[in-house]
Amino acid sequence: MKELRAEIISKLAEIAVKEAEMISSGEKKTFPLEKTGSFIIERRQMADLSIGIPTSSICARVHSIYDAFPTHSHDFIELMYVCRGRITHTIGDNRIELSEGDIILLGRSTKHAILPTTEQDIGVNVIISTDYFEALLNDLKGSSSLPEKFFEKLLSDDDSQYFVFGTSGMLPISNVMENLAYALITGTISDSFIMQTSLSLLFSYLAATPELLLDNSNLNSYKEQTKRKIQNYIQTSYNTATLSEAASMLGISGAHLSRWIKENFGVTFKSLLCEKRFDVAKNLLLTTNLPISDIILNVGYENSSYFHKEFSKRFGMTPMNYRRSMRK
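One structure accompanies this document, and this report is about it.

Rules used throughout
Residues numbered from 1 in each chain as written. Predicted model: local features only at pLDDT ≥ 70, side-chain atom pairs only at ≥ 80, totals over all residues. Heavy atoms only, no water. Helix = DSSP H or I, 4+ residues; strand = E, 2+ residues; numbered from the N terminus. Buried < 20%, exposed > 50% of the residue type's maximum accessible area, 1.4 Å probe, protein only. Contact = heavy atoms within 4.5 Å. Arc of directions from axis to C-beta. Axes fitted to C-alpha atoms, helices over the stretch in contact; angles between N-to-C directions. Parallel < 35°, antiparallel > 145°, perpendicular 65-115°, else oblique. Nonpolar A, V, L, I, M, F, W, Y, C, P; charged D, E, K, R; others polar. Pairing = 2+ DSSP bridges. Phe/Tyr/Trp six-rings, centres within 6.5 Å; stacked < 30°, edge-to-face > 60°.

This next bit is on the overall build of the chain. Across its full length, the chain carries 13 helices and 10 strands. Within the span of the chain, comprising 328 residues, buried residues form 47% of the whole. In the chain, the share of contacts with a sequence separation of at least 24, taken over all contacts with a separation of at least 6, comes to 72%.

Here's what the structure looks like:
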């Protein structure tokens, strides 16, 4: 593996140096780097600049511009993988320094610049059409720890959407990227099946491991919003709430939501729901004269034996004794 990787790095470095020399000599057309304002790169232009052969949905190229690359945006989704060294992007006021093995995903409208690099800094860019990216998200639906709605942000008009993944040392991901790089340097990148299969596998790994995110601002925002939605759902629908209904509301699978709640609340959905139901039952015992049988039905239980057993376990006495003792 190490020998193969060293060979790939060496070939990528050769491509990068060759392209950089062609660009600096004017032999190869490039984007107007002298332009100070922000500009939009179309996917067709990126394909023209690429040594890799573009497919109808995807193309790839080696990052080979050593000068600073000015602020620009795209009409596609861009993924950069750092094969060696460091590559630094700036997005707004944020400076994002990528180390070897890291990945950055840039939204189709994201404005970013790239600081100067050296021959030791090698990155591979994968250009993904928005149509194909949407198809990738559809494949991930309901089966990952980062639902497709999370990645959908990259398709928005927001000019600051990006995700950074600290994937250094992640063997499955480095294997996928090395396969893509190998296809690039051997010319087999024209095989769309290789590209599409590799990207599908890559996104499956990324979506299944949200802990790889280095910049968690968007993830934290998603996490807090999702937690509030779950809490509000239980707060307002405790007497009829179900895991499947909550999952449907969020657009994810029940199995995924069950895992997500356990990871982010530390308890199960059932525990959250029971906590709310017994809080309501306790309040009704103290503030109303409703029969206990009506209270049981009101909070969503049909099995009175289960309710009495669980109530006694939580509060150390039966519902009737609780009402009596608290009203003295």
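In this section: helix H3 (residues 130-140). Every buried residue of H3 is listed here: Tyr132, Phe133, Leu136, Leu137 and Leu140. One side of H3 holds all its buried residues, which, seen down the axis, span an arc of 150°. When the buried face of H3 is taken as reference, the exposed residues oriented beyond 90 degrees from it are Asp131 and Asn138.

Running from amino to carboxyl end, helix H8 (residues 243-250) crosses helix H9 (residues 254-265) at an angle of 95°, the nearest separation of the two axes being 9 Å. Taken together, the axes of H8 and H9 lie roughly perpendicular to each other. Two secondary-structure elements touch here, H8 through Leu243, Ala246, Ala247 and Leu250 and H9 through Gly254, Leu257 and Ser258. Its residues assigned to classes, the contact of H8 with H9 comprises 5 nonpolar, 2 polar and no charged.

In this section: the pairing of strand E6 (residues 94-99). Both strand E5 (residues 86-91) and E6 contribute to a ladder of 6 bridges, which runs antiparallel. Directly across from Thr90, in E6, lies its bridge partner Arg95. The loop that links E5 with its antiparallel partner E6 comprises 2 residues; one of these, Gly92, has a positive phi angle of about 60°.

The next point concerns the environment of Leu286. Looking at the secondary structure, you find Leu286 in helix H10 (residues 269-287). In the structure, Leu286 is positioned 40 residues away from Met326 in sequence and 7.1 Å away in space, judged by C-alpha atoms. Discounting chain neighbours no more than four positions away, the residues touching Leu286 are Tyr322, Met326 and Arg327.

Throughout the structure, instances matching the rule amount to 13 aromatic pairs. Ring centres 5.9 Å apart and planes at 35° place the aromatic pair Phe307 and Phe311 in the tilted group. Remark: Phe311 and Phe307 occur in helix H12 (residues 304-315); sequence separation between them is 4 residues, near one turn of the helix. Neither residue differs from the other here; Phe307 and Phe311 are each classed as buried. On the basis of an interplanar angle of 80° and a centroid distance of 5.5 Å, the ring pair of Phe311 and Tyr322 is categorised as edge-to-face. A residue pair is termed long-range when its members are at least 10 positions apart, and Phe311 in helix H12 and Tyr322 in helix H13 (residues 319-326) qualify at 11 residues. Comparing Phe311 with Tyr322, the two get one shared label, buried.

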